[in-house]
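Residues per chain, in single letters:
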Amino acid sequence: EAGVVQSPRYKIIEKKQPVAFWCNPISGHNTLYWYRQNLGQGPELLIRYENEEAVDDSQLPKDRFSAERLKGVDSTLKIQPAELGDSAVYLCASSLEIGQAGELFFGEGSRLTVL
Amino acid sequence: AQSVSQHNHHVILSEAASLELGCNYSYGGTVNLFWYVQYPGQHLQLLLKYFSGDPLVKGIKGFEAEFIKSKFSFNLRKPSVQWSDTAEYFCAVTNTGGFKTIFGAGTRLFVKA
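Procedures and definitions
Position numbers for residues count from 1 along each chain, tracking the sequence in the order it is written. The order in which chains are written sets their letters, starting at A; the order in which ligands are written sets their numbers, starting at 1. The model is predicted, so local features are restricted to residues of pLDDT at least 70 and side-chain atom pairs to those at 80 or more, both for listing and for counting; the totals for chains, interfaces and linings are taken over all residues. Based on all heavy atoms of the structure, the side-chain values leave hydrogens and waters out of the count. Every helix listed is a DSSP run of H or I at least four residues long, and every strand listed is a run of E at least two residues long, numbered separately from the N terminus. Accessibility here uses a 1.4 Å probe with only protein chains present; expressed as a share of the type maximum, an area under 20% marks a residue as buried, one over 50% as exposed, and anything in between as partly exposed. The contact criterion used is simple: two residues touch if any of their non-hydrogen atoms lie within 4.5 Å. In short, Shrake-Rupley with a 1.4 Å probe defines the accessible areas, and a residue's cover is counted only from the protein chains shown. Think of it this way: Lys and Arg go in the positive column, Asp and Glu in the negative one, and His and the chain ends go nowhere. Think of each charge as sitting on NZ of Lys, CZ of Arg, CG of Asp or CD of Glu. Here a pair means two rings of Phe, Tyr or Trp (six-membered ring of Trp) with centres within 6.5 Å. Their orientation is stacked below 30 degrees between planes, edge-to-face above 60, and tilted elsewhere. Among the buried residues, those of types Ala, Val, Leu, Ile, Met, Phe, Trp, Tyr and Cys that are joined through side-chain atoms within 4.5 Å form a nonpolar core. Pairs of N or O atoms within 3.5 Å make up the polar contacts considered here, provided that, within protein, one atom can donate a hydrogen while the other can accept it, and that residues adjacent in sequence are counted only when both atoms are side-chain atoms. Between any two strands, at least two bridges found by DSSP are needed for them to pair. As a rule, the C-alpha atoms of each element are fitted with a line to give its axis, helices using only the stretch in contact, and angles between N-to-C directions run from 0 to 180 degrees. In plain terms, two cysteine sulfur atoms within 2.5 Å form what is called a disulfide here.

**Q** Which parts of the structure should I look at to understand the overall build of chain B?
**A** When helices and strands are counted, chain B shows zero helices and 12 strands. Ordering the α and β elements of chain B from the N terminus gives β-β-β-β-β-β-β-β-β-β-β-β. Taking all 113 residues of chain B together, 47% fall into the buried category. Of the contacts made within chain B by residues no fewer than 6 positions apart, 55% connect residues no fewer than 24 positions apart. A total accessible area of about 5400 Å² is found for chain B, and carbon and sulfur atoms account for 54% of it. Put simply, chain B has 10 plus and 7 minus side-chain charges, and the middle of one group is 5 Å from the middle of the other.

Have a look at this one:
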């Protein structure tokens with residue numbers, strides 16, 4: 001079974017530039033998460049989707065971050081414009097069921113460096 | 001607000017030593033508890049989980065964790081570590097009402113061969 005796929009694995013940009021990350025969850029997983037992991041810290045939730053609906057985006061900095069999951073499958077997270085403090089690993093995760101508190105399956109992450 | 005605290009940020013052990021990593025959480029409601037592990041160069045993956053029932057749960061690779069409700073704790077243990085256990089370990093808590101998973105800051109374990 002294929003796992004959660006993320007791209008790109010690494011991205012280096014200058015501040016004020018835009019960047020986008022893509023995630024394809026495990027087939028059949030209805031819930032998709034985007035997390036941000038800063039150096040030396042645990043993952044912090046940015047947004048959670050149930051199918052195509054964003055059910056928890058309370059931690060997403062909406063002035064510069066946006067996300068979409070148009071057909072309830074793959075998802076894109078965008079930052080525009082990027083700031084120095086956005087340097088982090090952006091993790092995508094999926095889980096099988098909706099409305100459950102079960103296991104998360106993570107991708108390998110996209111490491112962003114903003115210069 | 002819900003939070004997860006891991007007591008040690010870095011742990012160094014010799015092979016065959018016993019391991020215990022502390023995890024405490026703050027949330028008054030019903031929770032599901034997890035330990036995730038990230039081996040060098042790999043993605044985060046589940047080590048073990050507790051939903052209900054026996055508070056002593058066993059996971060992969062000889063790890064176990066004990067849920068002590070009165071202490072809001074879910075400590076991870078292994079009687080004898082191996083060099084291959086070198087990794088970063090994250091405790092995570094999901095409140096079963098809002099389905100929000102909160103992670104601790106992680107503990108980096110280095111096992112000396």
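**Q** Whenever I open this one, the packing of aromatic side chains confuses me. Can you help?
**A** Any aromatic ring pair is given by two values, namely how distant the centres are and how the planes are angled relative to each other. Applying the stated criterion across every chain yields a total of 13 aromatic pairs over all chains. Summarising the aromatic geometry, the rings of Y36(B) and F103(B) are spaced 5.6 Å apart at their centres and angled 45 degrees between planes, so their arrangement reads as tilted. Here Y36(B) is found in strand β5 (residues 31-38), whereas its partner F103(B) is found in strand β11 (residues 101-103), with 67 residues between them in sequence. By the burial criterion, Y36(B) is buried, and F103(B) matches it. Put simply, the rings of Y33(A), Y35(A), F106(A), F34(B), Y36(B), F51(B) and F103(B) touch in pairs and so form one group of aromatic residues.

**Q** How should the nonpolar core be read in this particular structure?
**A** Proteins that are soluble and globular tend to have nonpolar side chains buried together. L33(B), W35(B), L48(B), F74(B), L76(B) and Y89(B) are the most contacted members of the largest nonpolar core, which totals 29 residues. Leaving out residues up to four positions away in the same chain, L76(B) has contacts with L19(B), E20(B), L21(B), W35(B), L47(B), L48(B), F63(B), E64(B), A65(B) and Y89(B). Membership of the second largest hydrophobic core comes to 21 residues, among which are I26(A), I47(A), A82(A) and A88(A).

**Q** Honestly, the side chain of K78(B) in this entry has me stumped. Any pointers?
**A** Residues and elements named next belong to chain B. Relative to the assigned elements, K78 resides in strand β9 (residues 73-78). Among the polar contacts listed, one links the side chain of K78 to the side chain of D85, at a separation of 2.8 Å. The contacts of K78, once residues within four sequence positions are left out, are A17, S18, L19, K61, G62, F63 and D85.

**Q** Sorry, what's going on with the environment of S70(B) here?
**A** All names here are of chain B. Positionally, S70 belongs in the loop between β8 (64-68) and β9. With relative accessibility at 63%, the residue S70 sits in the exposed group. S70 sits 44 residues away from S26 along the chain, and the two C-alpha atoms are 11 Å apart.

**Q** Please explain the sheet that holds strand β8 (residues 75-79) of chain A as it appears in this structure.
**A** Sheet strands pair by backbone hydrogen bonding; their relative direction is either parallel or antiparallel. Residues and elements named next belong to chain A. The sheet built from four strands is open, its strands ordered β1-β3-β8-β7 with antiparallel pairing. Single-partner strands in this sheet number two, and they are β1 (5-7) and β7 (65-68). Each neighbouring strand pair of the sheet contributes to a mean axis angle of 15 degrees, computed without reference to strand direction. Both β7 and β8 contribute to a ladder of four bridges, which runs antiparallel. Looking across to β8, one finds that A67 is bridged to L77.

**Q** Honestly, the state of the cysteines in this entry has me stumped. Any pointers?
**A** Put plainly, two cysteines are in a disulfide when a covalent bond ties their sulfur atoms together. Residues and elements named next belong to chain A. For the structure shown, the criterion picks out two disulfides over all chains. Here C23 engages in a disulfide with C92; their sulfurs sit 1.9 Å apart. Given an S-S torsion of about -70 degrees, the disulfide between C23 and C92 has left-handed geometry. Of this pair, C23 sits in strand β3 (residues 19-24) while C92 sits in strand β9 (residues 88-95), placing them 69 residues apart in sequence. Residue C23 shares its accessibility class with C92, and that shared class is buried.

**Q** Sorry, what's going on with unusual backbone geometry here?
**A** Most peptide bonds take the trans configuration, and most residues that are not glycine carry a negative phi. Residue P8(A) follows S7(A) across a cis peptide bond; omega there is -10 degrees. Relative to the helices and strands, P8(A) is located in the loop between β1 and β2 (10-13). Omega for the peptide link from Q80(A) to P81(A) comes to -5 degrees, which places this bond in the cis form. Relative to the helices and strands, P81(A) resides in the loop between β8 and β9. Positioned with a positive phi, N51(A) is a non-glycine residue whose angle comes to about 55 degrees. Inspection of the secondary structure assignment puts N51(A) in the loop between β5 (44-50) and β6 (53-56). In this structure, K61(B) is a non-glycine residue whose phi angle is positive, near 60 degrees.

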